[in-house]
Amino acid sequence: GRGMSAMARVKNKQPAPVQITAEQILREAKERQEADPKPVPSKITDADELAEYRLRKRKEFEDGIRRNRNALPLWVKYAMWEETQLEFDRARSVWERALEVDHRNVTMWLKYAEMEMRHRNINRARNIWDRAVAILPRVDQFWYKYAYMEEMLGNIAGARQVFERWMLWEPEDNAWTSFIKFELRYEEIGRARELYERMVTVIPKLETWMRFAKFEGKYGKAEQARGVFERAVNELGEYAMEPDLMIAFAKFEEKVQEFERCRAIYKYALDNIPKSKASELYAAFVAFEKQHGDREGIEDVIVSKRRFQYEDDLKQNPFNYDIWFDYARLEEQDGDASKVREVYERAIANKPPSLEKRAWRRYIYLWIYYAVFEELRMGDEERTRAVYREALKAVPHGSFTFSKLWVLAASFEVRRKDLKAARAVYGRAIGTVPRDKVFRSYVELELQLGNVDRVRTIYEKMLECFPANCRAWTSFAELEQSLGELDRARALFELGVEQPLLDMPEVLWKAFIDFEIAEGENDKARA
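Definitions and cut-offs
Residues numbered from 1 in each chain as written. Predicted model: local features only at pLDDT ≥ 70, side-chain atom pairs only at ≥ 80, totals over all residues. Heavy atoms only, no water. Helix = DSSP H or I, 4+ residues; strand = E, 2+ residues; numbered from the N terminus. Contact = heavy atoms within 4.5 Å. Areas by Shrake-Rupley, 256 points an atom, 1.4 Å probe, with all protein chains shown as cover. Core = buried A, V, L, I, M, F, W, Y, C linked by side-chain atoms within 4.5 Å. Buried < 20%, exposed > 50% of the residue type's maximum accessible area, 1.4 Å probe, protein only. Salt bridge = Lys/Arg side-chain N within 4 Å of Asp/Glu carboxyl O. 1 Å grid on protein atoms, 1.4 Å probe; cavity = no way out; pocket = protein on both sides within 12 Å on 5 of 7 lines; lining within 4 Å. Points joined across faces, edges and corners; volume = space filled by probe spheres on them. Nonpolar A, V, L, I, M, F, W, Y, C, P; charged D, E, K, R; others polar. Phe/Tyr/Trp six-rings, centres within 6.5 Å; stacked < 30°, edge-to-face > 60°. Expected span 1.5 Å × (residues − 1). Arc of directions from axis to C-beta. Axes fitted to C-alpha atoms, helices over the stretch in contact; angles between N-to-C directions. Parallel < 35°, antiparallel > 145°, perpendicular 65-115°, else oblique. Left-handed = near helix turned anticlockwise from the far one by under 90°.

Caption draft 1: View of the overall build of the protein chain. Within the protein chain, the secondary structure is distributed over 29 helices and 0 strands. Taking the contacts inside the protein chain whose residues are at least 6 apart along the sequence as the reference set, 47% of them involve residues at least 24 apart. Surface accessibility of the protein chain: about 31,600 Å² in total, with carbon and sulfur atoms responsible for 52%.

Caption draft 2: Fine view of the nonpolar core. Counting 78 residues, the largest nonpolar core has M108, F142, L245, M246, Y266 and L281 as its most contacted members. F142 has contacts with V106, W109, L110, W129, A132, V133 and L136, leaving out every residue within four places of it along the chain.

Caption draft 3: Main features of the pattern of salt bridges. Throughout the structure, instances matching the rule amount to 31 salt bridges. As a salt-bridge pair, R118 and E83 come within 3.1 Å of each other at their nearest N and O atoms. Taken together, the residues span a long stretch of sequence, with R118 in helix 6 (residues 106-118) and E83 in helix 4 (residues 72-84) at a distance of 35 residues. One salt bridge in this structure joins R226 and E258, with 4.0 Å as the shortest N-O distance. Of this pair, R226 sits in helix 13 (residues 222-236) while E258 sits in the loop between helix 14 (243-255) and helix 15 (259-272), placing them 32 residues apart in sequence. Exposure remark for E258: the relative accessible area of 31% places this residue in the partly exposed category. Among the charged side chains, a network of salt bridges with common partners joins R54, R58, E82, E87 and R90.

Caption draft 4: Seen up close, the layout of surface pockets. A volume near 260 Å³ is recorded for the second largest pocket. Every residue along the wall of the second largest pocket is listed here: T177, I180, K181, L184, Y196, R211, K214, F215, K218 and Y219. Put simply, the parts of the chain that give the lining of the second largest pocket at least two residues each are helix 10 (173-185) and helix 12 (206-219). Ranked by the residues each element gives to the lining of the second largest pocket, the list is headed by helix 12, at 5 residues. Class assignment of the residues belonging to the lining of the second largest pocket gives a composition of 5 nonpolar, 1 polar and 4 charged.

Caption draft 5: Layout of unusual backbone geometry. You will see that R120, though not glycine, has its phi angle at about 60°, which is positive. Phi is positive for E170, close to 45°, though the residue is something other than glycine.

Caption draft 6: Highlighting the environment of R118. R118 gets classed as partly exposed once you look at its relative accessible area, which sits at 47%. With sequence-adjacent residues up to four places away left out, R118 is seen in contact with M80 and E83.

Caption draft 7: The arrangement of the packing of aromatic side chains in detail. Within this structure, the stated rule accounts for 23 aromatic pairs. Seen from their ring centres, W95 and Y112 are 5.9 Å apart, and the 20° between their planes marks the pair as stacked. Placement of W95 in helix 5 (residues 88-101) and of Y112 in helix 6 is noted, with a sequence separation of 17 residues between them. Like Y112, W95 is buried. Judged by centre distance (5.7 Å) and plane angle (45°), the ring pair of Y266 and F288 falls under tilted. Pair noted here: Y266 is in helix 15 and F288 is in helix 16 (residues 279-292), with a separation of 22 residues, a long-range link. One exposure class covers both Y266 and F288, and it is buried.

Caption draft 8: Spotlight on the side chain of E150. Take E150: it is sitting in helix 8 (residues 140-152). Not counting residues up to four positions away in its chain, the partners in contact with E150 are R126, N155, G158, A159 and V162.

Caption draft 9: Up close: helix 8. Spanning 13 residues, helix 8 covers 18 Å between terminal C-alpha atoms, matching the ideal 18 Å at 1.5 Å per step. All of the buried residues along helix 8 are F142, W143, Y146, A147, M149, E150 and E151. At its buried positions, helix 8 is contacted by helix 6, helix 7 (122-135), helix 9 (156-167) and helix 10. G154 sits one or two residues past helix 8 and shows a positive phi near 80°.

Caption draft 10: Main features of helix 7. Taking 1.5 Å of rise per residue, 14 residues should cover 20 Å, and helix 7 covers 20 Å from first to last C-alpha, within 8% of that figure. Listing the buried residues of helix 7 in full gives A125, I128, W129, A132 and V133. End-on view of helix 7: buried residues confined to an arc of 125°, all on one side of the axis. Structural note: helix 7 exposes N123 and A134 on the side pointing more than 90 degrees away from its buried face. For helix 7, the secondary structure elements touched by its buried residues are helix 6, helix 8 and helix 9.

Caption draft 11: Looking closely at the packing of helix 14 against helix 16. It is the contact of helix 14 with helix 16, at a shortest axis distance of 10 Å, that shows an interaxial angle of 15°. In terms of axis orientation, helix 14 runs roughly parallel to helix 16. Handedness of the crossing formed by helix 14 with helix 16: left-handed. Of the residues in helix 16, those in contact with P243, D244, M246, I247 and E254 of helix 14 are E280, L281, A284, F288, Q291 and H292.

Caption draft 12: How the structure looks around the packing of helix 8 against helix 9. Here helix 8 crosses helix 9 at 165°, and the two axes come no closer than 7 Å. Here helix 9 runs roughly antiparallel to helix 8, going by the angle between their axes. For the pair helix 8 and helix 9, the crossing hand works out as left-handed. Contact with helix 8, carried on its side by D140, W143, Y144, Y146, A147, E150 and E151, involves I156, G158, A159, V162, F163, R165 and W166 of helix 9 and no other residues of that element.

Caption draft 13: Seen up close, the side chain of E116. One can find E116 in helix 6. Classification of E116 as buried rests on a relative accessible area of 1%. Apart from the residues within four sequence positions on either side, E116 is in contact with R92, N121, R124, A125 and I128.

Caption draft 14: Quick peek at the environment of D244. Its place among the elements puts D244 in helix 14. Remark: the alpha-carbon pair of D244 and E280, spanning 36 residues in sequence, is separated by 8.7 Å. Excluding residues that lie within four positions of it along the chain, D244 makes contacts with M210 and E280.

Caption draft 15: How the structure looks around the environment of L195. Note that L195 resides in helix 11 (residues 189-202). In this structure the C-alpha to C-alpha distance between L195 and T177, which are 18 residues apart in sequence, comes to 9.0 Å. Non-local contacts of L195, meaning those with residues more than four positions away in its chain, are made with W176, F179, I180 and E183.

If you want it as structure tokens, here you go:
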């Protein structure tokens, strides 16, 4: 019954409206804690009490160490406590025992040596440093502190000796730099130079050479600094092709007023350093030319900078013909014919990958511009002819053709007053892929020359190829009309109107009717 009543008592099983978190419970417990009783500070009054206190502390330390021999912080505390009691022999004994536990612990060595230094036990400190650097020669801190200690004591030769011992281990650049700085503090320029010489053989890196060159620039003569730069470029080989080194070299030459040398360095660097890295180099070169160059020099730099940009873009997409156009135009303005030709040749080598006429439209203009350049700028007729010939070969006439190319090629021959060649081009065009535009241009040419018979032949051929072309019929008939051959004209109109298929019959009919009215044949027109 009691169990039942106990259960009945808990009526509401809903969670309480205000929840308590574990954090709150803990916080409250913490707040209500009683403070630990503080140990009463004891005053040590006589020697016995002191001895007892020391015994007690030592026992605590020794027990702690016995429990955990590897607790290094405990060793440090123990030794430091002994030091506060001015019991140096005991402190040393603790350090030595600690080092037996772990002789590779850097902190131990540092604190041990610092204790000896604090109390001016110099020889003992030297001893400790010697042992430390012998056991752990790769810990730079020991060497630094050792050398610093000797220098502070005014023992310059001693400090130098420490550095020399360190250098035998061929440490990182920082160690060398600090040794060099040490020598410079005592104005030992010659020694510093020797150190740099050793440093670049041990660490033949770009940075070390740059530091050496900077040093020579500051303390040496111009020739010496130049010598270092030149050796750096020779010895580093391809690794010397870094903008930083080249800019530093050029800036040095600029500082000693050797502008031609400076320019040569920039140009050499720009020719040899990959495009992606060279933006800083360019900026420096442009700045240099603006300051010391003539107008041509500056333009040269700007041209080469643009050239650079184009090359970069074309690497990503060689089929971007717009860039090729700009590039060619740039070279044309620059006026170096061989370079212009080279750009055009490289451009036309990139045939469009697809066989859609749309893709070829821009490409064809490369050929056209090339031909125009050869004809107008260079006046080289043979090359122009060759360009047109190759261009016509390049177009896949099976899929599509460009009347413009044929017409341009023929007009070129006409300009040369070589009618036979021009006719041959037109003949080839009509033979390969007859096109309305080609025919019209051919007719125009022969008309200007007054070869009516030839014009007739061309029109006949054209109508054979394009019987549905009303403009051909009308222009042929109008030609006959203008020549006064009315019967021929009428016959042509009659023939044309009878064609089963016409592209614009209304044009043809209107022309026929206008013709009859013009000739005063109203009845025929009405019919």
